[in-house]
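# Analysis of the macromolecular model
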Amino acid sequence: QVQLVESGGGLVQAVGSLSLSCAASGRIFSINVMGWYRQAPGKQRELVATIPTGSSPNYADSVKGRFTISRDNVKNTVYLQMNSLKVEDTGVYYCNADVRQADTGPVFRYWGQGTQVTVSS
């Protein structure tokens, strides 16, 4: 199995910064894409940013220029640096990873447990 463990959430004032990290562990042969999603109260989960292996990151329009996603392929860890935070960035942030557990095996998507980010005005 594969586990994703997130850390770094918390409470911050608007225009402040927070950094999230998510480490994947377990039976991992390779990881294709890692990403961050978020879910605000009463809303559906939405994409924040993704970073494919060896390719450029993708961002939701709402976070472009403020958030930066990066990954460490040796540590199987994805990061999210969040700057100029807004109240509307509040939500539970989930990381995910598309994992191949064997050379010719299928790819499965795994999710972290979520970490709360609260931005106060």
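Heads up: these notes are all about the structure in this document.

Definitions and cut-offs
Residues numbered from 1 in each chain as written. Predicted model: local features only at pLDDT ≥ 70, side-chain atom pairs only at ≥ 80, totals over all residues. Heavy atoms only, no water. Disulfide = S-S within 2.5 Å. Helix = DSSP H or I, 4+ residues; strand = E, 2+ residues; numbered from the N terminus. Buried < 20%, exposed > 50% of the residue type's maximum accessible area, 1.4 Å probe, protein only. Phe/Tyr/Trp six-rings, centres within 6.5 Å; stacked < 30°, edge-to-face > 60°. Lys NZ or Arg CZ within 6 Å of the ring centre and 35° of its normal. Pairing = 2+ DSSP bridges. Axes fitted to C-alpha atoms, helices over the stretch in contact; angles between N-to-C directions. Salt bridge = Lys/Arg side-chain N within 4 Å of Asp/Glu carboxyl O.

It is worth spelling out the state of the cysteines at this point. The full count for this structure, using the stated rule, is one disulfide. Covalent S-S linkage joins Cys 22 and Cys 95, the inter-sulfur distance amounting to 1.9 Å. Because the torsion about its S-S bond is 50 degrees, the bridge between Cys 22 and Cys 95 counts as right-handed. Of this pair, Cys 22 sits in strand β3 (residues 18-26) while Cys 95 sits in strand β9 (residues 91-100), and the two are 73 residues apart along the sequence. Grouping residues by exposure puts Cys 22 and Cys 95 together as buried.

Under the criterion given, the structure shown has one aromatic pair. Judged by centre distance (5.2 Å) and plane angle (65 degrees), the rings of Tyr 37 and Trp 111 are edge-to-face. In this pair, Tyr 37 sits in strand β4 (residues 30-39) while Trp 111 sits in strand β10 (residues 107-111), placing the two residues 74 residues apart along the sequence. The exposure class assigned to Tyr 37 is buried, which follows from its relative accessible area of 17%. Lying across the ring of Trp 111, Arg 45 places its NZ or CZ 4.7 Å from the centre.

Time to look at the pairing of β3. Sheet analysis places strand β1 (residues 2-7) next to β3, joined by six bridges and oriented antiparallel. Along β3, the bridge assignment pairs Ser 7 with Ser 21. Sheet topology note: the β3/strand β8 (residues 77-82) ladder contains six bridges and is antiparallel. When the bridges of β8 are listed, Ser 19 appears paired with Gln 81.

The next thing to look at is the sheet that holds β1. Within the open sheet, the four strands sit side by side as β1-β3-β8-β7. Their pairing is antiparallel. Edge strands, defined here as strands with exactly one partner in the open sheet, are β1 and β7 (67-72). When the angles between neighbouring strand axes are averaged without regard to direction, this sheet yields 15 degrees. Across six bridges, the pairing between β7 and β8 is antiparallel. Residue pairing in the sheet places Ile 69 in a bridge with Leu 80 of β8.

Backbone geometry at Asn 76 places phi at a positive 50 degrees, although glycine is not the residue there. Take Asn 76: it is sitting in the loop between β7 and β8. Backbone geometry places Ser 84, a non-glycine residue, at a positive phi of 50 degrees.

The subject of this paragraph is the pattern of salt bridges. Evaluated as defined, the whole model comprises five salt bridges. Here Arg 38 and Glu 46 are joined by a salt bridge, their closest N and O atoms 2.7 Å apart. When its relative accessible area of 37% is taken as the criterion, Glu 46 is described as partly exposed. Between Lys 64 and Asp 61 there is a salt bridge; the shortest N-O distance is 3.1 Å. Asp 61 sits in the exposed class, given a relative accessible area of 65%. Overlapping salt bridges, with partners in common, bring together Arg 38, Glu 46, Arg 66 and Asp 89 in one network.

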